[in-house]
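Inside the fold
Below are the chains, spelled out letter by letter.
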Amino acid sequence: MSEEAGTDATDELHDTVGGEFGFTDERLAMSNASTALLLGDGRAAESSVRRALELVAARPAKDRSTAIFGKAAADLAMARLLSNDLEGAAEALETMLSINSTHRATGLVARAMDLRRALTQRHLQGTALAADLGERLEEFTRLPGQRQLVPPYGMLTLDA
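Residues numbered from 1 in each chain as written. Predicted model: local features only at pLDDT ≥ 70, side-chain atom pairs only at ≥ 80, totals over all residues. Heavy atoms only, no water.

Taken as a whole, the second largest pocket encloses approximately 160 Å³ of empty space. Sorting the residues of the lining of the second largest pocket by element identifies helix H2 (25-38), helix H4 (66-82) and helix H6 (106-118) as the ones contributing at least two each. The biggest single contributor to the lining of the second largest pocket is H6, with 5 residues. Residues that form the lining of the second largest pocket fall into these classes: 6 nonpolar, 2 polar and 3 charged. (1 Å grid on protein atoms, 1.4 Å probe; cavity = no way out; pocket = protein on both sides within 12 Å on 5 of 7 lines; lining within 4 Å. Points joined across faces, edges and corners; volume = space filled by probe spheres on them. Helix = DSSP H or I, 4+ residues; strand = E, 2+ residues; numbered from the N terminus. Nonpolar A, V, L, I, M, F, W, Y, C, P; charged D, E, K, R; others polar.)

Shown next as structure tokens:
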């Protein structure tokens, strides 16, 4: 429903000034992917992420968003993990892991941490690929960009 044509009605505050609801098509596809991931629907998430990646790739190089590209790669990896496709997740992670530390914004680092946790699931324990990806993700989150809001491992718990 989010991709259906709207009424063309706009709201000055939200669509113009704040821009909160004036999503680009790729941002809308990413939002749909995030929803599918939260619902545990790997297939729908992968479809939306692929759409976002196509839209980003269609833009001129100077207008491509590294943030959306990296987050889309991370979401694609998570979608594939939800579908029990570890090799496919590893392939998607290569794109994300290649992002320079100066472009590792909060959303990307948070996704990397989520992926690291997902790789510790019981059915993946003991697999060499999951262990290798986990180590690479841990290294990735050690070298985030300069303005991070994501706390390090262990600080998200409220247990004292």
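There's plenty left to go through after this.
To continue, consider the side chain of aspartate 75. Examined against the element boundaries, aspartate 75 turns out to sit in helix H4. Judged by relative accessible area, which is 5%, aspartate 75 ranks as buried. Among all residues touching aspartate 75, those that are not within four sequence positions of it are Met30, Ser34, Leu37, Val49 and Arg111. (Buried < 20%, exposed > 50% of the residue type's maximum accessible area, 1.4 Å probe, protein only. Contact = heavy atoms within 4.5 Å.)

In this section: the confidence of the model for the protein. Looking at the protein, pLDDT values average 82 and 75% of them are 70 or higher. For the stretch residues 153-160, pLDDT sits under 50, and the model shows 6 contacts to residues farther than four places along the chain or on other chains. (pLDDT = per-residue confidence, 0-100.)

The next point concerns the nonpolar core. Counting residues in each nonpolar core, the largest one holds 37 residues, and the members touching the most others are Leu81, Leu86, Leu93, Met96, Leu115, Leu119 and Leu137. Broken down by secondary-structure element, the contributors of at least two residues to this core are H2, helix H3 (42-58), H4, helix H5 (86-97), H6 and helix H7 (128-142). No other element matches the 9 residues that H4 contributes to this core. Each residue touching leucine 86, except ones within four places of it in the same chain, is listed here: Leu81, Leu119, Leu124, Thr127, Leu129, Ala130 and Leu133. (Core = buried A, V, L, I, M, F, W, Y, C linked by side-chain atoms within 4.5 Å.)

Quick look at H2 now. In this model, H2 (14 residues) spans 20 Å end to end at C-alpha, consistent with the 20 Å of a helix rising 1.5 Å per residue. The inward-facing, buried residues of H2 contact H3, H4 and H6. (Expected span 1.5 Å × (residues − 1).)

Attention now goes to the packing of H2 against H3. Packing of H2 against H3 brings their axes to within 8 Å, and their N-to-C directions diverge by 160 degrees. In terms of their interaxial angle, H2 and H3 are classed as roughly antiparallel. Regarding H2 and H3, the two cross each other, and that crossing is left-handed. Here Asp25, Glu26, Ala29, Met30, Asn32, Ala33, Ala36 and Leu37 of H2 lie close against H3, whose contacting residues are Ala44, Ala45, Ser48, Val49, Arg51, Ala52, Leu55 and Val56. Within the contact of H2 with H3, the residues separate by chemical class into 11 nonpolar, 2 polar and 3 charged. (Axes fitted to C-alpha atoms, helices over the stretch in contact; angles between N-to-C directions. Parallel < 35°, antiparallel > 145°, perpendicular 65-115°, else oblique. Left-handed = near helix turned anticlockwise from the far one by under 90°.)

For asparagine 84, which is not glycine, the phi torsion reads 60 degrees and is therefore positive. Judged by its relative accessible area of 57%, asparagine 84 is exposed.

For the rest of this paragraph, the subject is H6. Across its 13 residues, H6 extends 18 Å between first and last C-alpha, which sits within 8% of the 18 Å expected from 1.5 Å per residue. Among all positions of H6, only Leu108, Val109, Arg111, Ala112, Met113, Leu115 and Ala118 are buried. Where the residues of H6 are buried, they touch H2, H4, H5 and H7.

Further remarks concern the pattern of salt bridges. Per the stated rule, a full pass over the model turns up 10 salt bridges. Through salt bridges with shared partners, a single network forms among Arg116, Glu138, Glu139 and Arg142. (Salt bridge = Lys/Arg side-chain N within 4 Å of Asp/Glu carboxyl O.)

For alanine 74, the location among the structural elements is in helix H4. Classification of alanine 74 by relative accessible area gives buried; the value is 1%. Taking the C-alpha atoms as reference points, alanine 74 and leucine 97, separated by 23 residues in sequence, lie 9.0 Å from one another. In contact with alanine 74, other than residues within four places in its own chain, are Met96, Arg111 and Leu115.

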